Each structure stands twice: as C-alpha cells, then as structure tokens.
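Take a look at the letters that make up each chain.
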Amino acid sequence: MAERFVSPTRYPQYEEGSTDAQSKENVVKPRRSFNKGRMEKYLITGGFDIPFFALTMILLAIGLVMLLSASYPTSYFENDNSYSFFIKQCAYAAIGLAAMFAASKLDYRIYRDLLKIIFPVTILLLIVVLFYNTGKSTSSGEVFKRYIPLFGGITFQPSEIAKFTLIVTLSVYFCKFGAKVNKFKEGIFFPLLIIGIFIALIVLENHLSCVILMFLIGSSIMFAAGTNKWLFWAGIIAVVAAALVVFMFPEMMPEYIQKKLASFTDKDFDPLDGRWQINNSLYAIGSGGLFGVGLGNSKQKYMYVSEPQNDFIFSIVCEELGFIGAIVIIILFVLLVLRGIQISMKARDKFGSYIVLGIIAQIGIQTALNILVVTDSIPNTGIALPFFSYGGTALIMLLFEAGVVLSVSRKANQKKI
C-alpha cells in the first residue's frame with residue numbers, strides 16, 4: 001500500500017496538470033504534497049518594483065524619526081517613559097514589514113478567492129466594535145467606539161481592515177460587472193450600496209474621518225472602472241451640495257460635528273477648547289519658517305498641540321523641518337502615488353489594477369486630507385498621516401497593503417509563458 005504514495009517531486013508526470021489520466025487514477029497523492037501544491041499555487045516569484053519599495057521604506061523611516069521627536073513629551077507625561085510610543089510604533093512597523101514581505105510573495109488574486117471570508121469577517125468586526133466603549137466621548141455625550149481591546153493595553157481598529165475589504169470588494173465587483181458600468185444599476189446603485197454598508201456601520205462609531213475616506217476611496221475605484229461619467233459627476237455634485245447644506249445648517253448634525261464646523265468657520269470660536277489644537281498647529285507651522293527650528297526642537301509639542309504624535313504630527317514636521325522639509329515629504333508621497341499608478345497600469349489583469357488604484361487612492365487621499373486639516377483648510381476630522389501618525393492597526397495594514405501593491409508589480413514582471 002505504501003508504494004502507491006508517490007512523491008510529485010520524484011515523479012513530475014504525476015503533478016497537477018498531467019495528461020496521464022491513468023497514472024492519476026492509480027496513484028494516491030500524499031496529503032502533504034497536495035497541501036504544498038495548493039500553497040505553491042498562491043506563491044509568486046520574480047522581482048518587485050524597487051522604486052515603490054524604496055519610497056515606502058523612506059517614508060516609514062522618516063515617519064518613525066518624526067514620531068520619536070513629536071511624541072516624547074506626551075509619552076513621558078502619560079506613561080512616565082519618553083520612548084513608549086516610539087517603541088510600540090517600532091514593534092508595529094516590524095510586524096507590518098513582515099506582513100508586507102509576506103503579502104508581496106502571495107499572488108494578489110488570493111484576496112479575490114478569499115473575499116467570501118474577508119467580507120463577512122470585516123462586517124462582523126465592525127459590528128462587534130460597537131459594543132466596546134473605549135473611554136473617549138464628546139462633551140455632548142457621543143461615545144467613540146472605534147477600538148476592540150485585546151491585551152496589555154493593545155487595541156485593534158476594525159475600520160482599518162474595512163478600508164482594504166472595501167477595495168477588494170469593489171475590485172471583484174467591477175471585474176465581474178465591468179461590461180455594465182455604464183448602466184445606473186450596475187455602475188452606480190450597487191457600488192454605492194456596497195460603500196454604504198461600510199459607511200453605515202462606521203457612522204455608528206462616530207468616526208467621521210473614516211466615513212469620508214471610505215466614500216472617496218470607493219468613488220475613486222468607481223471612476224477608474226469607467227462608471228458612466230455623467231452619472232458619476234452628478235453624484236459628486238449631489239455630495240458637494242449635501243456638504244454645503246450641512247455647512248449652512250449644522251444643527252442637523254451631531255453636536256460634536258457642529259463644534260468642528262463652528263471651529264472651522266469661526267476662527268474666534270472657543271480658543272481654549274474647540275480651536276486650541278488647530279490654533280497651536282498653525283503656530284507650529286508658522287514657527288518653522290523656511291528651514292525649521294531643527295529636529296527635536298519643537299516647542300508646540302510640549303502639551304500645546306494636542307496629541308502631536310497622532311493626527312497633527314505634520315504640524316511638528318513643519319515646525320522642526322520647515323517649509324523645505326515639509327515639501328520634500330509631500331513630494332515623496334506624490335512620487336509614491338505616481339509610482340503606484342504606474343504599477344496599476346502595468347498590472348496583468350483588471351483586478352490587480354483596481355486593487356492597486358484603491359490602495360494608492362487611500363494613501364493619497366488620506367495624506368491630502370491630513371495636511372488640509374493641519375493647515376486649517378478643511379474642518380478638523382481627525383484623520384491620520386500615513387506612515388507618520390501613531391497607531392498599530394493603521395501602520396500594519398498600510399504596510400500590508402504596500403505588500404499587495406508589490407505583489408501586483410511582481411506578477412507584472414513575470415514573463416508570460
């Protein structure tokens with residue numbers, strides 16, 4: 001009986017795809033070889049895109065340095081350890097880099113095959129998080145429910161997973177219904193319904209910035225997939241009109257959003273509370289001048305700019321590195337986005353192209369929104385700066401998504417047989 005178990009490595013004629021049907025019938029493959037074959041199906045070889053990888057690593061390195069500089073006063077005040085935030089972020093970066101390299105070796109089409117698992121799990125996590133009170137609430141009583149506590153003070157943010165799941169879901173959808181995108185039902189209604197499912201759950205978290213980001217990511221993929229342009233722009237105009245209505249009648253929104261709108265439209269609004277963070281952010285940016293006050297020499301990070309290691313870290317960047325340093329970082333982000341678009345254009349299938357465009361849209365839009373908030377160009381929505389802001393789930397997922405982009409580039413570099 002043992003002689004019937006033949007190793008495919010010794011007898012390649014018995015490997016998957018062999019035309020020798022009789023041999024297949026007479027040979028019982030060992031389970032170990034079968035599983036190995038299934039795993040190898042999703043592993044890819046070849047070189048990935050070096051410029052995209054280099055830009056990612058440069059931004060990550062600068063982000064870690066700036067996080068250390070921006071966070072040590074707050075870290076010492078909150079944890080009696082100046083390096084607490086930095087050490088945790090380095091640990092998250094190490095996990096994220098491992099995830100990036102692993103994702104770069106996996107065939108990106110695995111996420112299409114696993115969508116039936118990824119989608120319901122993500123929705124379940126977005127529901128579960130609503131039952132956890134993270135201890136943060138607004139003065140009017142709204143509770144922020146964005147994190148699931150794990151252990152040792154470590155938390156998990158499902159909305160970061162939801163961004164990637166939305167990208168994969170819409171990529172699969174448009175690959176299936178790409179020929180019908182000019183029709184209202186397939187091109188507008190169902191994609192917006194998919195986006196709306198995620199947004200509806202995230203609204204319950206009181207997570208306005210993620211709601212905006214999810215809508216813009218989804219809209220980017222819809223536009224790239226060729227959704228009827230007239231219908232698309234009509235939708236955009238409707239959204240802009242809705243935003244104007246909100247500005248004109250802010251009382252229709254929750255109280256914490258009303259305060260954000262008031263602090264944006266009225267520069268004298270509550271300077272010791274509602275405008276405190278943004279005012280000190282502007283002071284930091286102005287203090288930096290052309291060349292900055294020098295790395296580590298920021299004054300605004302000493303309990304003036306609230307949470308300088310998070311959403312407003314770019315203001316500390318501007319103060320310490322100046323206008324020149326800020327422009328260099330913005331250029332690096334622009335180059336990363338442009339390189340991602342090039343990878344998308346070279347992808348071997350539409351699914352790879354859409355998934356890269358979605359990830360690149362997430363990075364580009366999130367960066368732009370963060371900078372606009374920090375410079376008081378749009379209302380403060382509390383959106384993080386990719387690779388810079390403190391946050392474990394966000395950094396790990398961001399690096400993982402960079403690995404997916406590298407996987408698409410690796411597949412594109414393979415020679416067609």
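Residues numbered from 1 in each chain as written. Predicted model: local features only at pLDDT ≥ 70, side-chain atom pairs only at ≥ 80, totals over all residues. Heavy atoms only, no water.

**Focus on unusual backbone geometry**
Despite not being glycine, Glu307 has its phi angle at roughly 50°, a positive value. Judged by relative accessible area, which is 35%, Glu307 ranks as partly exposed. Positive phi values are uncommon outside glycine, yet Phe387 reaches one of about 70°. Structurally, Phe387 can be placed in the loop between α14 (350–374) and α15 (392–413). (Buried < 20%, exposed > 50% of the residue type's maximum accessible area, 1.4 Å probe, protein only. Helix = DSSP H or I, 4+ residues; strand = E, 2+ residues; numbered from the N terminus.)

**Focus on a nonpolar patch on the surface**
Together, Leu290, Phe291, Phe323, Ile324, Ile327, Val328, Ile331, Val334, Leu335, Leu338, Ile341 and Met345 line one region of the surface with nonpolar side chains, adding up to about 1100 Å² of accessible area. Ile341 gets classed as partly exposed once you look at its relative accessible area, which sits at 32%. (Patch = residues over 30% accessible without salt bridge, like charges linked within 9 Å, V, L, I, M, F, W, Y side chains within 5 Å. Areas by Shrake-Rupley, 256 points an atom, 1.4 Å probe, with all protein chains shown as cover. Salt bridge = Lys/Arg side-chain N within 4 Å of Asp/Glu carboxyl O.)

**Some thoughts on the packing of helix α13 (residues 313–346) against α14**
Contact geometry for α13 and α14: axes closest at 10 Å, N-to-C directions at 160°. Here α13 is positioned roughly antiparallel relative to α14, judged by the angle of their axes. Regarding α13 and α14, the two cross each other, and that crossing is left-handed. Contact residues: Phe314, Ser315, Ile330, Phe333, Leu336, Val337, Gly340, Ile341, Ile343 and Ser344 in α13; Ser353, Val356, Leu357, Ile360, Ile363, Gly364, Thr367, Asn370, Ile371 and Val374 in α14. Classifying every residue of the contact of α13 with α14 by side-chain character gives 13 nonpolar, seven polar and no charged. (Axes fitted to C-alpha atoms, helices over the stretch in contact; angles between N-to-C directions. Parallel < 35°, antiparallel > 145°, perpendicular 65-115°, else oblique. Left-handed = near helix turned anticlockwise from the far one by under 90°. Contact = heavy atoms within 4.5 Å. Nonpolar A, V, L, I, M, F, W, Y, C, P; charged D, E, K, R; others polar.)

**Things to note about helix α6 (residues 115–128)**
With 14 residues, α6 extends 20 Å between its outermost C-alpha atoms, agreeing within 8% with the 20 Å of an ideal straight helix rising 1.5 Å per residue. Along its buried surface, α6 packs onto α5 (110–113), α7 (158–176) and α8 (184–203). (Expected span 1.5 Å × (residues − 1).)

**Observations concerning the environment of Trp233**
With respect to the helices and strands, Trp233 occurs in helix α10 (residues 229–248). In this structure, the C-alpha to C-alpha distance between Trp233 and Phe223, residues ten residues apart in sequence, is 9.5 Å.

**Quick word on the environment of Leu395**
Considering the arrangement of structural elements, one finds Leu395 in helix α15. Residue classification places Leu395 among the buried residues on the basis of a relative accessible area of 4%. Along the sequence, Leu395 and Leu97 sit 298 residues apart, while their C-alpha atoms lie 9.5 Å from each other. Excluding its chain neighbours within four sequence positions, the residues that come into contact with Leu395 are Leu60, Gln89, Tyr92, Ala93 and Phe387.

**Details of the pattern of salt bridges**
Evaluation of the coordinates by the stated rule reveals six salt bridges. Residues Arg112 and Asp113 are paired through a salt bridge, measuring 3.9 Å at the closest nitrogen-oxygen approach. Measuring nitrogen to oxygen at the nearest pair gives 3.0 Å for the salt bridge that ties Glu320 to Lys301. Highlighted residues: Glu320 in helix α13 and Lys301 in the loop between α12 (276–288) and α13, separated in sequence by 19 residues.

Structural measurements only, silent on function.
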